[in-house]
Amino acid sequence: MKPNFDFFKTTMPESRKADFYLGCLDSSVYMDFNCTADRRIYLCRISFDGYGCCNITNNAKCLDEQLSKKFIHEIGEDNLNQEKITKIVLELIRLNKDNIWSDALEEYGLLEIK
């Protein structure tokens, strides 16, 4: 059974610029996403309680065109579809896991779940 991350849309201070922001796990994890010129989404930063902020912009891998469209659609909804957004976010984390602290991903259960 997949855990309930309970993703929610949020905002960040001006000093932490990104196109989209999500929090999850009772505000223990925050993720910042950007959109490329060709409308592909990438994870630029993720922060974990107890670990700090992990910047991955320089090495970030983007979602494919189809998943990027799904992400943009979901983030535009009033209420996030937890099943859909979880699949998309976990895919982004899987793509970028080599640039994110593995111990933090493991502690918070954000490694890809089969």
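Scroll up a little and you will see the structure.
Along each chain, residues carry numbers from 1 onward, in the same order as the chain's sequence is written. It should be noted that, the model being predicted, local features are given only for residues of pLDDT at least 70 and side-chain atom pairs only at 80 or more, the latter also being counted only at that level, while totals for whole chains, interfaces and linings use all residues. Calculated side-chain values reflect all of the structure's heavy atoms, with hydrogen atoms and water omitted.

Novice: In this structure, what is going on with the overall build of the protein? I would like to understand it.
Specialist: Helical segments are the DSSP runs of H or I of at least four residues, strand segments are the runs of E of at least two, and each set is numbered from the N terminus. Scanning the protein from terminus to terminus reveals three helices and five strands. Radius of gyration (C-alpha) of the protein: 13 Å, near the 13 Å computed for a compact globule of 114 residues. C-alpha atoms of the protein, sized along the principal axes, occupy 35 × 30 × 25 Å. Only protein chains enter the accessibility calculation, which uses a 1.4 Å probe. A residue is then buried if its area is under 20% of the maximum for its type, exposed if over 50%, and partly exposed in between. Here the protein holds 114 residues, and the buried ones make up 42% of them. A contact between two residues is defined here by any heavy atoms of the two lying within 4.5 Å. The contacts in the protein between residues at least 6 apart in sequence include a share of 46% that link residues at least 24 apart. Accessible surface is estimated by sampling points in the Shrake-Rupley manner with a 1.4 Å probe; for residues, cover comes only from the protein chains shown. Carbon together with sulfur atoms contributes 45% to the accessible area of the protein, which is approximately 6600 Å² in total. The charge count treats Lys and Arg as positive and Asp and Glu as negative. His and the chain ends do not count. Every charge is mapped to an atom, namely NZ of Lys, CZ of Arg, CG of Asp or CD of Glu. When the 15 positive and 19 negative side-chain charges of the protein are each reduced to one mean point, those points stand 6 Å apart. Taken over C-alpha atoms, the radius of gyration is set against a globule rule of 2.2 Å times the number of residues to the power 0.38.

Novice: Explanation requested: the pairing of strand S4 (residues 41-48) in the structure shown.
Specialist: Consecutive side chains along a regular strand alternate between the two faces of the sheet. In terms of burial, S4 is largely enclosed, as eight of its eight residues are buried. Across seven bridges, strand S3 (residues 29-35) lies against S4 in antiparallel orientation. Bridge assignment links valine 29 to a residue of S4, and that residue is phenylalanine 48. A strand pair is defined by DSSP finding two or more bridges across the two strands. Between the antiparallel neighbours S3 and S4 lie five residues, among them arginine 39 with a positive phi of about 65°. Here S4 pairs with strand S5 (residues 52-55) via four bridges, running antiparallel. The residue bridging isoleucine 46 from the neighbouring strand is cysteine 54, located in S5. In textbook terms, the turn of a hairpin is the stretch between consecutive antiparallel strands, and for S4 and S5 this stretch comprises three residues, one of which, glycine 50, has a positive phi near 90°.

Novice: I keep staring at helix H1 (residues 65-76) and nothing clicks. Help me out?
Specialist: Three or four residues apart is the spacing at which side chains of an α-helix point the same way, because the helix has 3.6 residues per turn. Take the number of residues in a helix, subtract one, and multiply by 1.5 Å to get its expected span. Between its first and last C-alpha atoms H1 spans 17 Å; for 12 residues at 1.5 Å apiece the expected length is 16 Å, and the two agree. Every buried residue belonging to H1 is among Ser68, Phe71, Ile72, Glu74 and Ile75, and all of these are buried. In an axial view of H1, the angular spread of the buried residues amounts to 165°, which keeps them on one side of the axis. When the buried face of H1 is taken as reference, the exposed residues oriented beyond 90 degrees from it are Glu65, Gln66, Lys69 and Gly76. Where H1 is buried, its residues meet strand S1 (8-9), strand S2 (20-24), S3, S4 and helix H2 (82-96). Residues adjacent in sequence count toward polar contacts only when both atoms are side-chain atoms; beyond that, a polar contact is any pair of N or O atoms within 3.5 Å, and within protein one must be able to donate a hydrogen and the other to accept it. Its side-chain oxygen placed 3.2 Å from the backbone nitrogen of glutamine 66, aspartate 64 serves as the N-cap of H1. The arc refers to the directions leading from the helix axis to the C-beta atoms.

Novice: When you look at the packing of H1 against H2 in this model, what are you seeing that I'm missing?
Specialist: If you want to describe how two helices pack, look at the angle between their axes and the distance between the axes. The geometry of H1 relative to H2 is characterised by a closest axis approach of 10 Å and an angle of 130° between their N-to-C directions. When the axis of H1 is compared with that of H2, the two are oblique. H1 and H2 meet at a crossing whose hand is left-handed. Note on element contacts: H2 touches H1 through Lys84, Ile85, Ile88 and Glu91, opposite Leu67, Lys70, Phe71 and Glu74. Axes here mean lines fitted to C-alpha atoms, for a helix over just the part in contact, with angles spanning 0 to 180 degrees between N-to-C directions. Note on angle classes: values under 35 degrees are labelled roughly parallel, values over 145 roughly antiparallel, values of 65 to 115 roughly perpendicular, and the remainder oblique. The sense of a crossing depends on the near helix, which, turned anticlockwise from the far helix by less than a right angle, makes the crossing left-handed and, turned clockwise, makes it right-handed.

Novice: What's the story with H2 in this structure? I'm lost.
Specialist: End to end, H2 covers 21 Å across 15 residues, agreeing with the expected 21 Å (1.5 Å per residue, within 8%). All of the buried residues along H2 are Ile85, Thr86, Ile88, Val89, Leu90, Glu91, Leu92, Ile93 and Asn96. Close packing links the buried residues of H2 with S2, S3, S4, H1 and helix H3 (102-107). Of the residues flanking the start of H2, the one acting as N-cap is asparagine 81, its side-chain oxygen 3.1 Å from the backbone nitrogen of glutamate 83.

The quantities given are spatial measurements derived from coordinates; they are silent on function.
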